[in-house]
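Each chain is listed here by its residues.
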Amino acid sequence: MSDSQFPESAVHTSSSKPSGKQRHRASHTKSRNGCHICKLRRVKCDEVRPVCGACSLRCSRCEYPSPSRPVEARAESRRAIPYRRNAARLQASDSAPADDQRGDSPALGASLQPLDFQLTSPSTATPPGSLNMKDLRLMQHFLRRTCNQMSFDHKRILIWQQVIPDLAAKEGFLMHLLLALAGMHLLLDRLPTGEGNKEASVDGYPEADPIKLSDIVEHHQKGLQGLSAALTTLSPVTAEFICCGSTLLVGFAFASLRIRNHEQADNGCLQLDWLHLIRGLTSIITQQWPTLKTGRLRSLLYYRHANHDWKAFPPSSPTPSFPRLKHCSQRLSSFVYGASTALAALRDFMNSLKSLYGTRSESSTSATPTSQGSPTDYLYPYDELFRAQDAAIDILEDMYMRILHIVEFTISERGTPVHLDMQADLEDTAVASWPDLLSNTFLASLNVDGEMGIGSVEGGSYAILAHFYLIFTLYEDFWYLKGSFEREIAVIDGLIGRIGNGHLASLMRWPMEVSS
């Protein structure tokens, strides 16, 4: 039998099953853009994005190669190399040039060029030397320390930590004021006393170029100049920036007093320029209150104990039975015990002055001389000054009674030591706002020529001022107020002592005892 008698399929099959239609293998196309996992497993990827079918079935992480290099370019690069086995050798030869070719390669520094991010607008060139390392250190100090020590209230601390730096980053004059405040804190914080320290370092590490007082004053002057310009355009749009600048300025004015007192400790002069500098903050808040009360600085403007609740329940004379008073400092205890008596003594002295000098209405015959026994140099009518002094005592009484009210009726509820909790309540009384409440007539009676001396009438204004200063001495844990006003009270005591009025001099005994 010839081979032609057998079908071709019988030669290739060994089973008795009838042969069917010949099977043809389906054509296969390679997956050029498959994921990495499928390429490693050498399986075809369906290229479904973001997760292919194979990776989805196996719950694998599916990642595709970068599409930055087209398929045609990769294929062309493979065709450009005649033998794949020579690719490694060619790469090695390219990466290791001969010694005589190294001189043509660029230096290391020349290769450190900026990356091109395809920005549409070119950046402005920074002038050489504009990056001031002192300013960076001041900003670091503010963010790490100053902002955390400006208040005992959590919401106000958040304002100092987040909102004020954000506003300062948008206005240059605010940044100057912020750096000035941080610099003053740095000077006072380096040593326990902080006095006489004109150079400072950050976190106790010595600096090759220490921050000096002149650097801080420069920021203060630039910031103050910018704030003055901004005040000319006060509006709801700029109210928040101006309020922020005023707040920074008040903190700086308080903090700078101790530095200046140390430098001028021997001249016996009273520092009053800060008092005029910080006035006006209340007027800004009043004018722009609808804007500020809903703005980001609103937590700085609300004080829960800044009210007249004490008028409904006048504080009684404290006794050692008050729990909070037992844990307060000796200074606060002495203040609480003697506040009411001191107010009564001030009013009694002012009544005696009115009986002695009389109240006249004609300014030509009713002005007060600048000093007893000095040539007549009239500044203001008697009755106008007496009214201003009476109003100042009323303000002083309001501040004192707020303090006595929180000592008697509030409780510790912040989970902090009692003395710190008392400092927080003292902050919430807003008794440090008294400079904005005094009249211009009262302040004018304090600007008497020191060489000519002062009389008993002006001496009454100085005695009232000393009692106001005593409020600041109670803020014993606020770095910008601590230790700043004790010397000022002593200077006032010296000025009043030279008048020779025993009744007036007796008014200074209690402030001197409390402040010491």
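Residues numbered from 1 in each chain as written. Predicted model: local features only at pLDDT ≥ 70, side-chain atom pairs only at ≥ 80, totals over all residues. Heavy atoms only, no water.

Draft legend 1. Structural view of empty space enclosed by the protein. Under the criterion given, the structure shown has 2 cavities of 30 Å³ or more. The computed volume of the largest cavity comes to approximately 40 Å³. Every residue along the wall of the largest cavity is listed here: His-305, Asn-307, Asp-309, Trp-310, Arg-402, His-405 and Ile-406. Among the secondary structure elements, those contributing two or more residues to the lining of the largest cavity are α14 (309-312) and α17 (382-409). Considering each element in turn, the lining of the largest cavity owes the most residues, 3 residues, to α17. Taken together, the residues of the lining of the largest cavity break down into 2 nonpolar, 3 polar and 2 charged. (1 Å grid on protein atoms, 1.4 Å probe; cavity = no way out; pocket = protein on both sides within 12 Å on 5 of 7 lines; lining within 4 Å. Points joined across faces, edges and corners; volume = space filled by probe spheres on them. Helix = DSSP H or I, 4+ residues; strand = E, 2+ residues; numbered from the N terminus. Nonpolar A, V, L, I, M, F, W, Y, C, P; charged D, E, K, R; others polar.)

Draft legend 2. Quick peek at the nonpolar core. With 120 residues, the main nonpolar core has Ile-164, Trp-274, Phe-335, Tyr-400, Trp-434, Tyr-469 and Ile-471 as its most contacted residues. Per element, the largest residue contribution to this core is 15 residues, and it comes from α17. Summarising the domain contributions, this core has at least three residues from each of domain 2 (133-191 + 211-300) and domain 3 (309-358 + 380-515). Residues Cys-38, Cys-52, Cys-55 and Cys-62 belong to the second largest nonpolar core, which totals 7 residues. (Core = buried A, V, L, I, M, F, W, Y, C linked by side-chain atoms within 4.5 Å. Buried < 20%, exposed > 50% of the residue type's maximum accessible area, 1.4 Å probe, protein only. Domains from an automatic or database assignment.)

Draft legend 3. The packing of helix α6 (residues 133-144) against helix α8 (residues 172-190), seen in detail. Direction vectors running N to C along α6 and α8 enclose 75 degrees, while the axes themselves pass 8 Å from each other. Classed by the angle they form, the pair α6 and α8 counts as roughly perpendicular. Seen from α6, the contacting residues are Asp-135, Leu-138, Met-139, His-141 and Phe-142; seen from α8, they are Met-175, Leu-178, Leu-179, Leu-181, Ala-182, Gly-183, His-185, Leu-186 and Asp-189. Its residues assigned to classes, the contact of α6 with α8 comprises 9 nonpolar, 3 polar and 2 charged. (Axes fitted to C-alpha atoms, helices over the stretch in contact; angles between N-to-C directions. Parallel < 35°, antiparallel > 145°, perpendicular 65-115°, else oblique. Contact = heavy atoms within 4.5 Å.)

Draft legend 4. Seen up close, the state of the cysteines. Per the stated rule, a full pass over the model turns up 0 disulfides. Cys-45 takes part in no disulfide bond, and the closest cysteine sulfur to it belongs to Cys-52, at a distance of 3.8 Å. Its relative accessible area of 4% is what places Cys-45 among the buried residues. Of all cysteine sulfurs in the structure, the one in Cys-243 sits closest to Cys-244, which takes part in no disulfide; the separation is 7.6 Å. On the basis of relative accessible area, Cys-244 is assigned to the buried category, the value being 1%. (Disulfide = S-S within 2.5 Å.)

Draft legend 5. Region of the structure containing the pattern of salt bridges. The tally for this structure, following the rule as stated, stands at 17 salt bridges. Residues Asp-166 and Arg-296 are paired through a salt bridge, measuring 2.8 Å at the closest nitrogen-oxygen approach. In this pair, Asp-166 is assigned in helix α7 (residues 154-168) and Arg-296 in the loop between α13 (289-292) and α14, connecting sequence segments 130 residues apart. For Arg-296, a relative accessible area of 33% corresponds to the partly exposed category. With its nearest N and O atoms 2.8 Å apart, the salt bridge here joins Asp-394 to Arg-347. (Salt bridge = Lys/Arg side-chain N within 4 Å of Asp/Glu carboxyl O.)

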